[in-house]
Amino acid sequence: MSEPAHPLPSTGWIEVIVGSMYSGKTEELIRRLRRAQIARQRVEIFKPRLDDRYARDHIVSHSELRIPSRTIRSAREVLRHAHEAQVIGIDEGQFLGPELVPVCEKLARQGKRVIVAGLDQDYKGRPFEPMPQLLAIAEYITKTLAICVVCGAPANRTYRKVKRGGRVVVGGSELYEARCRRCFDLGPRARAPEPGMTVTRRPERLAAASRHARAGRPPGRRRAGGRGAPRSPASATPTPNHGGSARDASKTVPGRGVARGRLRPASGLRA
Ligand code: ADP
Ligand code: ZN
């Protein structure tokens, strides 16, 4: 993925990495921060306390990449620890509230490179503050896409699989999956395949099949590959493990986060 070219050395700037869950925001953040460390720049890395399901002292991606980080309760805490830093990395920016915006502006004005990763939309597809505000003021924006677990198309939405809780409910693959716009809109009618199963029909055909099943008759036969039935990119390769990484397993350890299938009050959708 491309990285901003270096502006003048004394100029600070803001980079924002946004997308759905599983889209690789954390991987990209870690990649940029590691490169800065290799260049012997002074790097400080932060994540909100709300998201301590896997590790308190590391940022960890769904693919198990990790980098040491400091856990903070508020955006203001970044200022306290950033005096010496040249590069600041912040994950899960959507949990840090509106004050993240002036904090990032202040750091950039001080000449620092500020990189923030976070969800741009909540589970309803609404802009997830303060990320939209950060997008407006950032010099560099990267939008990452996941793979829709239903049909295999590029996914920019995070679908919540349970109908409980408010905007912020912390969880992993037991609660959330990446979906494309269409499968997101289909909601529960677009069924993700069981692990190990192969997707052979497009979402609307799956929905038609279930309507027919409810009506007690088989769906009509259609010419495979015929007109109006383009091959879904997912038909051969659905994501076999949609987010069910070791990180998710750790996140669900009782006492550290959400027990599998249970919601924790006042918790948050993880980016
Ligand atoms: P984010 O921070 O955006 O939630 P991460 O960087 O933590 O994403 O994880 C990205 C990794 O998640 C991918 O490289 C891949 O290994 C894994 N993954 C799990 N489910 C999906 C999916 N549906 N689409 C893409 N990647 C997925
Ligand atoms: Zn889809």
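As the structure is a computational prediction, the values presented were derived from the model and not from experiment.

**Observations concerning the overall build of the protein chain**
Okay, step 1: Scanning the protein chain from terminus to terminus reveals seven helices and 12 strands.
Okay, step 2: Expressed as a percentage of its 271 residues, the buried residues of the protein chain come to 44%.
Okay, step 3: Relative to all contacts within the protein chain whose residues are 6 or more apart in sequence, the contacts with residues 24 or more apart total 74%.

**Re the nonpolar core**
Okay, step 1: Ranked by size, the top nonpolar core spans 57 residues in total, and within it Ile-88, Cys-104, Val-114, Val-116, Leu-134, Cys-148 and Ala-178 carry the most contacts.
Okay, step 2: Broken down by element, this core gets its largest block of residues, six residues, from helix H3 (residues 100–109).

**A word on unusual backbone geometry**
Okay, step 1: Between Glu-129 and Pro-130 the backbone carries a cis peptide bond, its omega angle lying at 5°.
Okay, step 2: Mapped onto the elements of the fold, Pro-130 is located in the loop between strand S7 (113–119) and helix H4 (131–137).
Okay, step 3: Residues other than glycine seldom take positive phi values, yet Tyr-22 does so here, at roughly 70°.
Okay, step 4: Checked against the element boundaries, Tyr-22 lands in the loop between strand S1 (13–19) and helix H1 (25–38).
Okay, step 5: Overall, the presence of 27 C-beta atoms within 10 Å leaves Tyr-22 in the buried class.
Okay, step 6: For Glu-92, which is not glycine, the phi dihedral falls at a positive 55°.
Okay, step 7: As for its position among the elements, Glu-92 is in the loop between strand S6 (87–90) and H3.
Okay, step 8: Glu-92 gets classed as buried once you count the C-beta atoms within 10 Å, which come to 24.

**Topic: the sheet that holds S7**
Okay, step 1: Spatial strand order, S5-S2-S6-S7-S1-S8: six strands in an open sheet with parallel pairing. Single-partner strands in this sheet number two, and they are strand S5 (70–72) and strand S8 (140–144). Each strand of the sheet is rotated relative to its neighbour by a mean of 20°, with strand direction disregarded.
Okay, step 2: Judged from the four bridges that link them, strand S2 (residues 43–48) and S6 form a sheet pairing that is parallel. Its bridge partner lying in S6, Phe-46 is registered against Ile-90.
Okay, step 3: Those strands touched by H3 are S1, S6 and S7, and its axis lies near 155° from that of S7.

**Side note on the environment of Thr-71**
Okay, step 1: One can find Thr-71 in strand S5.
Okay, step 2: Remark: the alpha-carbon pair of Thr-71 and Ile-59, spanning 12 residues in sequence, is separated by 9.3 Å.

**Re H3**
Side chains three or four residues apart in an α-helix point the same way, a direct result of the helix having 3.6 residues per turn.
Okay, step 1: Considered for burial, the residues of H3 that qualify are Leu-100, Val-101, Val-103, Cys-104, Leu-107 and Ala-108. All buried residues of H3 lie within an arc of 165° about the axis, which places them on one face of the element.
Okay, step 2: Contact partners of the buried residues in H3: S1, helix H2 (76–81), S6, S7 and H4.
Okay, step 3: A positive phi of about 95° marks Gly-111, the residue just after H3.

**Brief notes about the environment of Glu-84**
Okay, step 1: Position of Glu-84 relative to the elements: it lies in the loop between H2 and S6.
Okay, step 2: For Glu-84, a count of 7 C-beta atoms within 10 Å gives the class exposed.
Okay, step 3: Considering only alpha carbons, one finds Glu-84 and Val-43, 41 residues apart in sequence, at a separation of 8.6 Å.

**Side note on H1**
Okay, step 1: The first and last C-alpha atoms of H1 sit 20 Å apart over 14 residues, in line with the 20 Å expected at 1.5 Å per residue.
Okay, step 2: Residues of H1 that are buried: Lys-25, Thr-26, Glu-28, Leu-29, Ile-30, Arg-32, Leu-33 and Ala-36.
Okay, step 3: The first or second residue beyond H1 is Arg-40, which carries a positive phi of 60°.

**Side note on the confidence of the model for the protein chain**
Interpretation of this model should avoid reading the predicted coordinates in detail wherever pLDDT is low.
Okay, step 1: For the protein chain, per-residue confidence averages 77 on the pLDDT scale, and 66% of positions sit at 70 or higher.
Okay, step 2: A low-confidence stretch, residues 199–268 (pLDDT under 50), is modelled with 105 contacts involving residues beyond four sequence positions or located in other chains.

**What to know about the environment of Ser-61**
Okay, step 1: As for its placement among the helices and strands, Ser-61 is situated in the loop between strand S3 (58–60) and strand S4 (66–68).
Okay, step 2: Separated by 35 residues in the primary sequence, Ser-61 and Thr-26 have C-alpha atoms spaced 5.4 Å apart.
Okay, step 3: Filtering out sequence-adjacent residues up to four positions away, Ser-61 remains in contact with Thr-26, Glu-27 and Ile-30.

What counts, and at which threshold
Residues numbered from 1 in each chain as written. Chains lettered and ligands numbered in written order. Predicted model: local features only at pLDDT ≥ 70, side-chain atom pairs only at ≥ 80, totals over all residues. Helix = DSSP H or I, 4+ residues; strand = E, 2+ residues; numbered from the N terminus. Buried ≥ 20, exposed ≤ 12 C-beta atoms within 10 Å, placed from the backbone. Contact = placed C-beta atoms within 7 Å. Core = buried A, V, L, I, M, F, W, Y, C linked by C-beta atoms within 7 Å. Pairing = 2+ DSSP bridges. Axes fitted to C-alpha atoms, helices over the stretch in contact; angles between N-to-C directions. Arc of directions from axis to C-beta. Expected span 1.5 Å × (residues − 1). pLDDT = per-residue confidence, 0-100.

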